[in-house]
Amino acid sequence: MTEGLGHEARASRDLLIDLLGLGHTYPVRDLAVGFGDEILVPRQTVAFGVAAEVVVAHSQPDVDYQLRSDDGDAVPGGTVTTRLDPASGSQRTTLTTPPVLEDSTFRLLAVKRETSRSAYLEGTATVKVGLDVDLPVQALPGRDIQYAPDLRLAVVPFGAQLDVEVGDSQAGVEYALVTRGAVDADMVVSTATVAGRRGPVLLHTVPLTDDVEVSVRATRTLDTGDVVGHLATVLRVWVRADAAAAVTTTPPDGVVDHEVAAQVRVRAQDGVRYRLHAHPVGDRDWLRDAQGGVSLPPSDHPAVWSAPPGFDPLGEPVVATAGWALLETPPLHEDMVVVVQAERQHDLAPGGTSAVEMASQVLLLVRPDSVPQLRLRVGTTTDGTIERWVQVLGGQPGVRYHVESPSGTELSPWPAYIHRRDDDGHGADGRNHGLGLLAVEVDLAVATDQSDGPVGNPATTPPTPPVLDIPALTEDATLTLRAVRAQTGVATRLARAGRIHPMPAFELLTPMIAAGTAAKVRVSEAPRGQRLELRVGGATVGTPKQGTGKAVTLSTGPLEPGDRVELVATSLAEDQLPVERVSALTVTVTPSPAPPPDTRPET
């Protein structure tokens, strides 16, 4: 009986039945439900957090309409408005949903006002939620990662992976980390795409090597296609220079001659500034193994640059080009441990620099000085025979000198070691090196005669120059010296050799003198290229004379009994080491006569 009746006709019929008391009717259930104005559609997509408007076409005037969830629960909030459709003359009811946070399907409950009889409309309204671009995004703490106070700028090591958390993720949305750009030009920088789950999700970047702006791309697949957008938060990432790049030296073994520069090569990143920082290696810095080999303790390389204590910059920074940075030290005269600072400029806002210490430190070993201020002294008997010893004077502290023949045969089983002075800042007392590094408990010590050794405080008085026993040598013999650094074993041969020149003939003119008077020595023919002098107690007296090929007379000045007098002839050839020929002179000094007693009577 009702087939073919329109919505309005059925509504009028039901209203008449209710008024006449002929029965009780229910709301019409097959009304059109959807979204839109003229043509209603059953689905609509809205932005996250935006309300939707559900329309009931041909709504009944005596019926109230309510939004219910798909499970039948009441939907809080929202408004209901009713108006006449000018085109059809029928009533339309619009129900506004609360802000939609997730995909939702709404049912419509129709309730008669007079009888409260109710029924669900046959149609439903489905709302698809778009992308929430205001979700919280933050980079999580990680090893050696620094953050700006707002956590939107991260400074990370070269090759590090950054962990990024998206809070309150949307179900049905796929998240990925990308570099900024047009959607079609996005470059994915996350290891995987992660599905939202109505809670926080974690994304990981690929290893990063260059500065980058990272955003979260959100993708939702709908019936009509994919909806793609970027979350509002953008993370800026500065990547520090590569601290693991290769660092090598020229020469490759890091051993250089004294007062010669070394070159440090870094397999570098273009545009990064590299700078050397160096620290002299002291004796106490070395570690020695059971075989006597030395090494340095391992260095703690911080991920963020902090000038190591005791290190000073060497030279100016060098900007890498063509994949290399070549850094040169100044001329070196002592062993150095060198670290390389790598500073990278970041143009990504707010702009600035970051710096790291390269993981490979460089040890530069310096050979001994091949032209040190050094001279040799050999003794000569009264008959001109060369005594079987040689003394090494001067030289480079911390170096052992091996006296050899020109063929390389060592003339002494022991080297001459030149002691160092204190190098660790113990104070202004100038102590001999090593004091304070070794403690020895002594219950009883008996002092021996030190007349031939240094006088004064043994801790501060330098040791006497070393004396080596050598085989018998003849005049014109040549002595070569091989210098070896005591700690590292790095060696070199001295550029000059010493020649034992003939001792000039001389005559002691005054073999016996009274105390307080001078002794005189006459050299009949003072050779050119030699310096002649007299020493008393090891100290030069008078003015040394340069040999001219003529006779020279030298005077000691006033002597006292027990004074030791020596004639010293030193070769001065520029291409040879100075060699002193020393001959002891036997001068008898008689005591001065005692003054006569005073026999004057007392008054």
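Residues numbered from 1 in each chain as written. Predicted model: local features only at pLDDT ≥ 70, side-chain atom pairs only at ≥ 80, totals over all residues. Heavy atoms only, no water.

## Thoughts on the overall build of the chain
Part 1 of the argument: Check the secondary structure of the chain and you find 1 helix and 46 strands.
Part 2 of the argument: For the chain, the proportion of its 603 residues judged to be buried stands at 39%.
Part 3 of the argument: For the chain, restricting intrachain contacts to residue pairs at least 6 apart in sequence, the fraction spanning at least 24 positions comes to 67%.
Part 4 of the argument: As displayed, the chain has an accessible area near 32,200 Å², and 52% of this comes from carbon and sulfur atoms. (Helix = DSSP H or I, 4+ residues; strand = E, 2+ residues; numbered from the N terminus. Buried < 20%, exposed > 50% of the residue type's maximum accessible area, 1.4 Å probe, protein only. Contact = heavy atoms within 4.5 Å. Areas by Shrake-Rupley, 256 points an atom, 1.4 Å probe, with all protein chains shown as cover.)

## Observations concerning the pattern of salt bridges
Part 1 of the argument: Enumeration according to the criterion identifies 21 salt bridges in this entry.
Part 2 of the argument: A salt bridge links glutamate 122 to arginine 29; its shortest N-O distance comes to 3.9 Å. Pair noted here: glutamate 122 is in strand S8 (residues 118-129) and arginine 29 is in the loop between helix H1 (7-20) and strand S1 (33-34), with a separation of 93 residues, a long-range link.
Part 3 of the argument: A relative accessible area of 53% means that glutamate 122 is categorised as exposed.
Part 4 of the argument: With a closest N to O distance of 2.0 Å, arginine 220 and aspartate 103 form a salt bridge. Of the two residues, arginine 220 is situated in strand S16 (residues 212-222) and aspartate 103 in the loop between strand S6 (91-96) and strand S7 (104-112); the sequence distance between them amounts to 117 residues. (Salt bridge = Lys/Arg side-chain N within 4 Å of Asp/Glu carboxyl O.)

## Points about the sheet that holds strand S4 (residues 63-68)
Strands in a sheet are paired, the pairing made by backbone hydrogen bonds, and the direction either parallel or antiparallel.
Part 1 of the argument: Spatial strand order, S2-S8-S7-S4: 4 strands in an open sheet with mixed pairing. The open sheet has two edge strands with one neighbour each: strand S2 (43-46) and S4. Averaged over all neighbouring strand pairs, the angle between strand axes comes to 30 degrees, with direction disregarded.
Part 2 of the argument: Sheet analysis places S7 next to S8, joined by 7 bridges and oriented antiparallel. Within the sheet, the bridge partner assigned to valine 111 lies in S8 and is serine 118. (Pairing = 2+ DSSP bridges. Axes fitted to C-alpha atoms, helices over the stretch in contact; angles between N-to-C directions.)

## What about the sheet that holds strand S9 (residues 137-139)?
Part 1 of the argument: Here we have 3 strands laid out as an open sheet, ordered S9-S12-S15, and antiparallel in their pairing. Either end of the sheet is taken by a strand with one partner, and the two such strands are S9 and strand S15 (201-204). Neighbouring strand axes in the sheet, compared pairwise and without regard to direction, differ in orientation by 25 degrees on average.
Part 2 of the argument: As judged from the 4 bridges shared by strand S12 (residues 163-166) and S15, these two strands associate in the antiparallel manner. Bridge assignment links valine 166 to a residue of S15, and that residue is valine 201.

## Re the packing of aromatic side chains
Part 1 of the argument: Going through the model one piece at a time under the given rule, you end up with 0 aromatic pairs.
Part 2 of the argument: Positioned above the aromatic ring of tyrosine 120 is the side chain of arginine 107, whose terminal nitrogen or guanidinium carbon lies 4.0 Å from the ring centre. (Phe/Tyr/Trp six-rings, centres within 6.5 Å; stacked < 30°, edge-to-face > 60°. Lys NZ or Arg CZ within 6 Å of the ring centre and 35° of its normal.)

## Considering the side chain of glutamate 566
Part 1 of the argument: Turning to its location among the elements, glutamate 566 is positioned in strand S43 (residues 565-571).
Part 2 of the argument: Buried within the structure, glutamate 566 lacks any salt-bridge partner; its nearest side chain of opposite charge belongs to arginine 564, at an N-O separation of 4.1 Å. (Lys, Arg positive; Asp, Glu negative; His and termini not counted.)

## Section: the pairing of strand S17 (residues 225-239)
Regular strands have side chains that alternate between both faces of the sheet.
Part 1 of the argument: Sheet analysis places strand S11 (residues 153-156) next to S17, joined by 4 bridges and oriented parallel. Directly across from valine 156, in S17, lies its bridge partner valine 239.
Part 2 of the argument: In this sheet, S17 lies alongside S16 in antiparallel orientation, the contact comprising 10 bridges. Opposite arginine 217, over in S17, you have histidine 230 as the bridge partner.
Part 3 of the argument: Between the antiparallel neighbours S16 and S17 lie 2 residues.

## Here's the deal with the pairing of strand S20 (residues 263-267)
Part 1 of the argument: A one-sided burial pattern is seen for S20, the buried positions being Val264 and Val266 and the unburied ones Gln263, Arg265 and Arg267.
Part 2 of the argument: As paired elements, strand S18 (residues 247-250) and S20 share 4 bridges and run antiparallel to each other. Residue threonine 250 lies in a different strand from S20, and its bridge partner there is glutamine 263.
Part 3 of the argument: In the sheet, S20 pairs with strand S25 (residues 324-328) via 5 bridges, with the strands oriented antiparallel. Note on S25: the bridge partner recorded for valine 264 is leucine 327.

## What about the environment of serine 169?
Part 1 of the argument: Within the fold, serine 169 resides in the loop between S12 and strand S13 (173-179).
Part 2 of the argument: A C-alpha to C-alpha distance of 23 Å links serine 169 and tyrosine 147, two positions 22 residues apart in sequence.
Part 3 of the argument: Serine 169 has contacts with Leu135, Tyr175, Gly196, Arg197, Arg198, Gly199 and Val201, leaving out every residue within four places of it along the chain.
Part 4 of the argument: Polar side-chain contacts of serine 169 include one of 3.0 Å to the backbone nitrogen of arginine 197. (Polar contact = N/O pair within 3.5 Å; in protein donor to acceptor, adjacent residues only side chain to side chain.)

## Some words on the environment of glutamine 546
Part 1 of the argument: Positionally, glutamine 546 belongs in strand S41 (residues 539-546).
Part 2 of the argument: Separated by 26 residues in the primary sequence, glutamine 546 and leucine 572 have C-alpha atoms spaced 9.6 Å apart.
Part 3 of the argument: If sequence neighbours within four positions are ignored, glutamine 546 has contacts with Gln530, Arg531 and Leu572.

## Structural notes on a nonpolar patch on the surface
Part 1 of the argument: A cluster of nonpolar side chains, contributed by Leu16, Leu20 and Leu22, occupies part of the molecular surface with about 340 Å² of accessible area.
Part 2 of the argument: Here leucine 20 is to be found in helix H1.
Part 3 of the argument: A residue is classified by how much of its surface remains accessible, and leucine 20, at 55% relative accessible area, is exposed. (Patch = residues over 30% accessible without salt bridge, like charges linked within 9 Å, V, L, I, M, F, W, Y side chains within 5 Å.)

## Comments concerning the confidence of the model for the chain
Part 1 of the argument: Looking at the chain as a whole, the pLDDT averages 86, with 90% of positions reaching at least 70.
Part 2 of the argument: Throughout residues 424-428 the model reports pLDDT below 50, and contacts reaching past four residues in sequence, or to other chains, amount to 4 contacts. (pLDDT = per-residue confidence, 0-100.)

## Quick notes on unusual backbone geometry
Part 1 of the argument: Cis geometry is found at the peptide bond from threonine 250 to proline 251, where omega equals 5 degrees.
Part 2 of the argument: Looking at the secondary structure, you find proline 251 in the loop between S18 and strand S19 (255-256).
Part 3 of the argument: With an omega dihedral of 10 degrees, the bond running from alanine 349 to proline 350 counts as a cis peptide bond.
Part 4 of the argument: Positionally, proline 350 belongs in the loop between strand S26 (336-346) and strand S27 (352-357).
Part 5 of the argument: Even without being a glycine, aspartate 168 presents a positive backbone phi close to 55 degrees.
Part 6 of the argument: On the secondary structure map, aspartate 168 appears in the loop between S12 and S13.

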